[in-house]
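Here is what each chain is made of, one letter per residue.
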Amino acid sequence: MKKSAVIICSLVLGLVIAAGTFFTFATPARTTESTLAATTQATAAAPTASSQEEATRASSEYISADKAQSVALKDAGVSRGDVTFRKTKLERDDGTNRFEVEFYVGRTEYEYTIDAKTGKILDKEIDTDEEPTAVKATAPVTTEPSATKAPAVTEPATSAPQNTTKPAPSYISAAKAKYIALSDAGVSSSGVTFTKAELDRDDGRAEYEIEFHVGNTEYEYSIDALTGAILGKDIDKNKPATKNPSATNQSVTKPAETTTKKSSTSDFISISKAKSIALDHSGLNANEVSFRKVQLEKDDGVYEYEVEFHVGNMEYEYSIDAKTGRILDFDKDLDD
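Residues numbered from 1 in each chain as written. Predicted model: local features only at pLDDT ≥ 70, side-chain atom pairs only at ≥ 80, totals over all residues. Heavy atoms only, no water.

Enquirer: Account for the environment of Asp 331, naming residues and giving values.
Expert: One can find Asp 331 in strand 12 (residues 327-334). The exposure class of Asp 331 is partly exposed, given its relative accessible area of 31%. Each C-alpha atom of the pair Asp 331 and Glu 315 lies 8.2 Å from the other, and the pair is 16 residues apart in sequence. Dropping the residues within four chain positions of it, Asp 331 is found in contact with Glu 315, Tyr 316 and Glu 317. (Helix = DSSP H or I, 4+ residues; strand = E, 2+ residues; numbered from the N terminus. Buried < 20%, exposed > 50% of the residue type's maximum accessible area, 1.4 Å probe, protein only. Contact = heavy atoms within 4.5 Å.)

Enquirer: If you had to explain the packing of aromatic side chains to someone new, which residues and values would you point to?
Expert: Pairs of aromatic rings are described using the distance from one ring centre to the other and the angle between the two planes. Considering all chains together, one arrives at 11 aromatic pairs under this definition. Here Phe 309 and Tyr 316 contribute two aromatic rings whose centre-to-centre distance is 5.1 Å and whose plane-to-plane angle is 15 degrees, an arrangement assigned as stacked. Side by side, Phe 309 and Tyr 316 carry an identical accessibility label, which is buried. Through pairs of rings, three or more aromatic residues link up here, namely Phe 291, Phe 309, Tyr 316, Tyr 318 and Phe 330. One cation-aromatic arrangement involves Lys 178 over Phe 194; the distance from NZ or CZ to the ring centre is 4.6 Å. A cation sits over an aromatic face here: Lys 275 above Phe 291, 4.6 Å from the ring centre. (Phe/Tyr/Trp six-rings, centres within 6.5 Å; stacked < 30°, edge-to-face > 60°. Lys NZ or Arg CZ within 6 Å of the ring centre and 35° of its normal.)

Enquirer: An account of the sheet that holds strand 2 (residues 96-105) is needed here, citing residue identities and associated values.
Expert: Ordered by their spatial adjacency, four strands build an open sheet running 1-2-3-4, and the pairing between neighbours is antiparallel. Taken across any chain shown, the strands that pair with only one partner, and hence form the sheet edges, are strand 1 (84-93) and strand 4 (121-128). For this sheet the average axis-to-axis angle between neighbouring strands, irrespective of direction, equals 10 degrees. Summarising the sheet, strand 1 and strand 2 pair through nine bridges and their orientation is antiparallel. Bridging from a neighbouring strand, Arg 92 pairs with Asn 97 of strand 2. (Pairing = 2+ DSSP bridges. Axes fitted to C-alpha atoms, helices over the stretch in contact; angles between N-to-C directions.)

Enquirer: An account of the confidence of the model for the protein is needed here, citing residue identities and associated values.
Expert: For the protein, mean pLDDT is 75; residues scoring 70 or higher make up 64% of the total. Counting contacts from residues 42-47, a segment whose pLDDT is below 50, to residues more than four positions away or on other chains yields zero contacts. Counting contacts from residues 152-160, a segment whose pLDDT is below 50, to residues more than four positions away or on other chains yields 16 contacts. (pLDDT = per-residue confidence, 0-100.)

Enquirer: Kindly report on the sheet that holds strand 7 (residues 217-224), identifying the contributing residues and their values.
Expert: Within a beta sheet, neighbouring strands are joined by backbone hydrogen bonds and run either parallel or antiparallel to one another. In space, the four strands of this open sheet follow the order 5-6-7-8, with antiparallel pairing throughout. Since the sheet does not close on itself, it has two edges, and those belong to strand 5 (193-202) and strand 8 (230-236), each with one partner. Taken pair by pair, the neighbouring strands of this sheet meet at an average axis angle of 15 degrees, ignoring direction.

Structure follows, in structure tokens:
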């Protein structure tokens, strides 16, 4: 009887010890699992916040479209109120994020490539047309950041001008520029031989270059094409006329020592006729092209018109005999 009691007590004690051991090891395991789950969740959340910070920091490294426009305007020497923007676009080329900025000022088109990070001008192109088309004068602004090629850039609400229908500045005519020069020189058109009347651009400003002779005196004027103001002039006396007149109705002034018969511009074809000959040869019409130069010159004793115009990226150059209208030389090149 006593032996049976001892065996039963031993079994009960063993069960108590086994239960205590089980609860001792089971409880820390559950605690460890809970702690591990919480740690895993915290760790998973951390990279998301870091990624957002990195994205914000990356976008702040790039200049805005408004800043890119300002860089281009400053380099061109023009104010924002005088231009018509055609394009302001963020792109990526050769691993570099850059802004493509295009705008017009009158007859002149400006194209800039600007580093989106540093604001440095990577490339620029200035193209002056004699007769701009309505498309160029009223081209709209397009700001198109490329989300797939370049990091997101947060632009201000006023990053691009809203006035996209601003008319191009109105320039005075070449005839008006000649009149201003003659009035300042105090001479009449009847005794003048014009050698140059050309619209040009200097330091971002459109101006007429006017040159003419009166006897042995040469006059050179620079006149603002927008306001008609005289920007500069040079008068050189005792200098015989060595250049040739443009297609006007004045006679050609020769050096005093020559005894040859004077030539008259009435012997020459007109500027319009020279243009028409070049256009007929090229198979184009006046509405398709933009003339860059139509000037009467003398080469090896022969008066000829130098006619230059372009269509898209194709440039045409003609030398046309001023008396006969015969094409003396022709060149057609791709203008890069």
